[in-house]
Amino acid sequence: MGSLVLTSALTASQATLGGGEGPAVNITASNDGSEILPLSTTGYDNNWGPIIGEENAVLTSPPFVPAPITRNHATKLIVDLEVLEFTAPIADGVDYTFWTYGGTVPGSFIRTRVGDVVEFNLHNDPSSKMPHNIDLHAVTGPGGGAASSFTTPGHTSQFSFQVTNPGLYVYHCATAPVGMHIANGMYGLILVEPAKGLEPVDKEYYVMQGDFYTEGAYGEAGHQAFDMNKAIHEDADYVLFNGSVGSMVGDKALTAEVGETVRLFVGNGGPNLVSSFHVIGEIFDKVNVEGGSLVNENVQTTLVPAGGSVITQFKVDVPGTLIIVDHSIFRTFNKGALGMLNVTGPEDLKVYSGKQDDRIYQGEGGAVQKVSTAGTNEIPATRDMAKRMELGKRGYEANCMACHQANGAGITGAFPPLAKSDYLMADRDRALNIMLKGLSGKITVNGTDYDSVMPQMVMSDDDVASVLTYVLNSWGNKADKVTLSEVKAAKAKNAGGH
Ligand SMILES: [Cu+2]
């Protein structure tokens, strides 16, 4: 493992390198000295030379990636990425409301070269309901850009960063509740090529896994809403490559010809599950472990962490259909994690049988367990005001603060205020229902319109009573304490009414 030792160049001045050539010291060999590795990095070496010119980044939708970078110098790279929310099929006959970067799940693939200064423009479409931002794992800086990129619908945020470390990095939304934004599809990959580029191959593809949580079980028809409770329990209904069941099968399968070398840029958006990434009928000749500089060879199955990546490379020797799976195998046959790579070309004695069955992943109906609703362990019905306020503050910090802020002031244009909110204080039953069911649609708070979505919160009845008591009695608000029986009555009424 000689590739990570050349760190002394860290302090070298870029000014000493005038010529737009790659770094002077760029030799990485395996132990026997025979081979240049796929990500033939120099370790952490910031001799990138001057930033020359500027260009607009080419972005691609999965399963495609932009062409390899041929520049031999760093540049100013302008990225325009648009957030779009829309409803689309997640499976045959099943719709889901996705939140996306660039209109696809995963989001657009971004290709950079180490040393590039990226000017990032995050556009949030005016039709969006939610604010969004972006945390790029390729960024060195607070929140990976999240703090600088919080963008309400109809706005654009701009920030810049230099890509300092070669590798394959995940980007994702980091707006509260983070898990929900990721679960709805807000992730993608950004590649930072080493100065001398990657080893040339014949085909490159973009595959990214994600887990999805729906109110109905796998395959249940109609529009399926996001299920926060299942997400918290990591009880995924769908585990998918590239955002839908069947995204890479049939005429959408990846393709290659016998004798070609294929590189897969593989990401895992999560939000929860780790992928045991495997291609049935292949062996990865090389794997950039976790998307970094360490190269493993002759690998059958490689782990892709949630919020992580790998680069796999293999030569296809025989014709047939290779099946791309998460080898946590129920996910493949019961939750959708199945793609295909069709290899065509001359037959060989060891032809892969190619016996694929398009029905195998459909309609098997995973035995998804129903998650029981929030805990209802018995609590004294007689907590006094002080106790309610104490518990409520804790519950507020855990469940509400990310959006409505510690002082209850909310965030203008995104999250309405609770402090002195006329909407909140006008109707106690309505407030209770918001706590139990979330809220969407147009409302007016203190003269300002909001048309957004507050997800359903998962809290015990006791917590609901405490948090609402706290909210109704903080930041200048004043009301009676909320009792457990009030919460239970509201719940019973909802159960009857629907
Ligand atoms: Cu988001």
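Owing to the predicted nature of the structure, the values given are computational and were not obtained by experimental measurement.

Procedures and definitions
- Residues numbered from 1 in each chain as written.
- Predicted model: local features only at pLDDT ≥ 70, side-chain atom pairs only at ≥ 80, totals over all residues.
- Heavy atoms only, no water.
- Phe/Tyr/Trp six-rings, centres within 6.5 Å; stacked < 30°, edge-to-face > 60°.
- Helix = DSSP H or I, 4+ residues; strand = E, 2+ residues; numbered from the N terminus.
- Buried < 20%, exposed > 50% of the residue type's maximum accessible area, 1.4 Å probe, protein only.
- Lys NZ or Arg CZ within 6 Å of the ring centre and 35° of its normal.
- Pairing = 2+ DSSP bridges.
- Salt bridge = Lys/Arg side-chain N within 4 Å of Asp/Glu carboxyl O.
- pLDDT = per-residue confidence, 0-100.
- Contact = heavy atoms within 4.5 Å.
- Axes fitted to C-alpha atoms, helices over the stretch in contact; angles between N-to-C directions.
- Donors = N, O, S within 2.8 Å, 3.2 Å for Na, K, Ca; no water.
- Core = buried A, V, L, I, M, F, W, Y, C linked by side-chain atoms within 4.5 Å.
- Parallel < 35°, antiparallel > 145°, perpendicular 65-115°, else oblique.
- Nonpolar A, V, L, I, M, F, W, Y, C, P; charged D, E, K, R; others polar.
- Expected span 1.5 Å × (residues − 1).
- Arc of directions from axis to C-beta.

Chemist: Describe the packing of aromatic side chains, and please don't skip the residues or the numbers.
Modeler: Evaluated as defined, the whole model comprises 17 aromatic pairs. Between F64 and Y205 the ring centres are 6.4 Å apart and the planes differ by 50°, which places this aromatic pair in the tilted class. Taken together, the residues span a long stretch of sequence, with F64 in the loop between β1 (51-56) and β2 (74-91) and Y205 in strand β10 (residues 203-212) at a distance of 141 residues. Given the relative accessible area of 6%, Y205 is considered buried. Between F284 and F314 the ring centres are 5.9 Å apart and the planes differ by 40°, which places this aromatic pair in the tilted class. Pair noted here: F284 is in strand β16 (residues 284-288) and F314 is in strand β19 (residues 308-315), with a separation of 30 residues, a long-range link. Residues F284 and F314 agree in their burial class; the two are buried. Taken together, the ring pairs in this structure connect F241, F277, F284 and F314 into an aromatic cluster. The ring of Y423 has R430 lying over it, and the distance from NZ or CZ to the ring centre is 3.6 Å.

Chemist: How would you summarise the pairing of strand β9 (residues 187-193) if you had to cite specific residues and measurements?
Modeler: In terms of burial, β9 is largely enclosed, as 7 of its 7 residues are buried. Here β9 shows a buried face lined by Y187, L189, L191 and E193 and a second buried face lined by G188, I190 and V192. As defined by bridge partners, strand β8 (residues 167-172) adjoins β9 across 6 bridges and the pair is classed as antiparallel. Looking at the pairing, L168 lines up with L191 of β9.

Chemist: Break down the pattern of salt bridges for me, with residues and values.
Modeler: A full pass over the atoms with the stated rule returns 22 salt bridges. The partner of K230 in a salt bridge is D237, and the shortest N-O contact between them spans 3.1 Å. Residue K230 shares its accessibility class with D237, and that shared class is buried. As a salt-bridge pair, R428 and E486 come within 2.8 Å of each other at their nearest N and O atoms. Highlighted residues: R428 in helix α7 (residues 428-437) and E486 in helix α9 (residues 484-497), separated in sequence by 58 residues. On the basis of relative accessible area, R428 is assigned to the partly exposed category, the value being 26%. Owing to a relative accessible area of 24%, E486 belongs among the partly exposed residues under this scheme. A single network of salt bridges, built from pairs that share partners, joins R111, E193, E204 and R263.

Chemist: So, the confidence of the model for the protein chain: which residues are in play, and what are the values?
Modeler: In this model, the protein chain carries an average pLDDT of 85, and 83% of its residues clear a pLDDT of 70 or more. Segment residues 1-45 is flagged for pLDDT under 50; beyond a separation of four residues in sequence, or across chains, it makes 82 contacts in the model. Scored below 50 in pLDDT, residues 358-378 makes 36 contacts in the model with residues more than four places away or belonging to other chains.

Chemist: Explain the sheet that holds strand β18 (residues 301-304) to me, using residue names and the numbers behind them.
Modeler: Pairing is mixed across the open sheet formed by 5 strands, whose spatial order is β13-β21-β20-β15-β18. Each end of this open sheet is capped by a strand with a single partner; those strands are β13 (254-257) and β18. Across the sheet, the axes of successive neighbouring strands diverge by a mean angle of 25°, strand direction being ignored. In this sheet, strand β21 (residues 338-344) lies alongside β13 in parallel orientation, the contact comprising 4 bridges. By the bridge assignment for β21, L254 is matched with L341.

Chemist: Mind laying out the environment of G179, listing which residues take part and the relevant values?
Modeler: With respect to the helices and strands, G179 occurs in helix α1 (residues 178-183). Judged by relative accessible area, which is 38%, G179 ranks as partly exposed.

Chemist: Hey, could you go over the coordination of the copper ion for me, with residue numbers and the actual values?
Modeler: Protein-derived coordination of the copper ion comes from H132 (ND1), C173 (SG), H181 (ND1) and M186 (SD), at a distance range of 2.0 to 2.5 Å. Donor residues for the copper ion sit on one chain with the sequence pattern H-x40-C-x7-H-x4-M. Highlighted residues: C173 in the loop between β8 and α1 and M186 in the loop between α1 and β9, separated in sequence by 13 residues. Look at C173 and you get buried, because its relative accessible area is 0%.

Chemist: Give a description of the environment of L136 that names residues and reports values.
Modeler: Looking at the secondary structure, you find L136 in strand β6 (residues 135-136). Each C-alpha atom of the pair L136 and I190 lies 7.8 Å from the other, and the pair is 54 residues apart in sequence. When residues no more than four places from it in sequence are discounted, the contact partners of L136 are F120, G144, F159, F161, V170, Y171 and I190.

Chemist: Pulling in residues and values, what's your account of the nonpolar core?
Modeler: Counting 84 residues, the largest nonpolar core has F120, F277 and L341 as the members making the most contacts within it. With 7 residues, the top contributor of residues to this core is β2. Excluding its chain neighbours within four sequence positions, the residues that come into contact with L341 are Y205, L254, T255, A256, F314, V316, G320, T321, L322 and I324. Ranked by size, the runner-up nonpolar core spans 20 residues in total, among them L432, M459, Y470 and A490.

Chemist: A description of the packing of helix α4 (residues 385-399) against helix α8 (residues 461-472) should follow, citing residues and the corresponding values.
Modeler: To describe two helices that pack against each other, one gives the angle between their axes and the distance between the axes. Running from amino to carboxyl end, α4 crosses α8 at an angle of 95°, the nearest separation of the two axes being 7 Å. On the basis of the axis angle, α4 is roughly perpendicular to α8. Contacts from M385, R388, M389, L391, G392, K393, G395 and Y396 in α4 reach D462, A465, S466, V467, T469, Y470 and V471 in α8. Of the residues in the contact of α4 with α8, the class split is 8 nonpolar, 4 polar and 3 charged.

Chemist: Kindly report on α4, identifying the contributing residues and their values.
Modeler: When the terminal C-alpha atoms of α4 are compared, their 20 Å separation across 15 residues agrees well with the 21 Å that a helix rising 1.5 Å per residue should span. Within α4 the residues assigned to the buried category are R388, L391, G392, G395 and Y396. Along α4, the residues classed as buried sweep out an arc of 145° about the axis, all on the same side. Turned more than 90 degrees off the buried face of α4, the exposed positions are A386 and R394.

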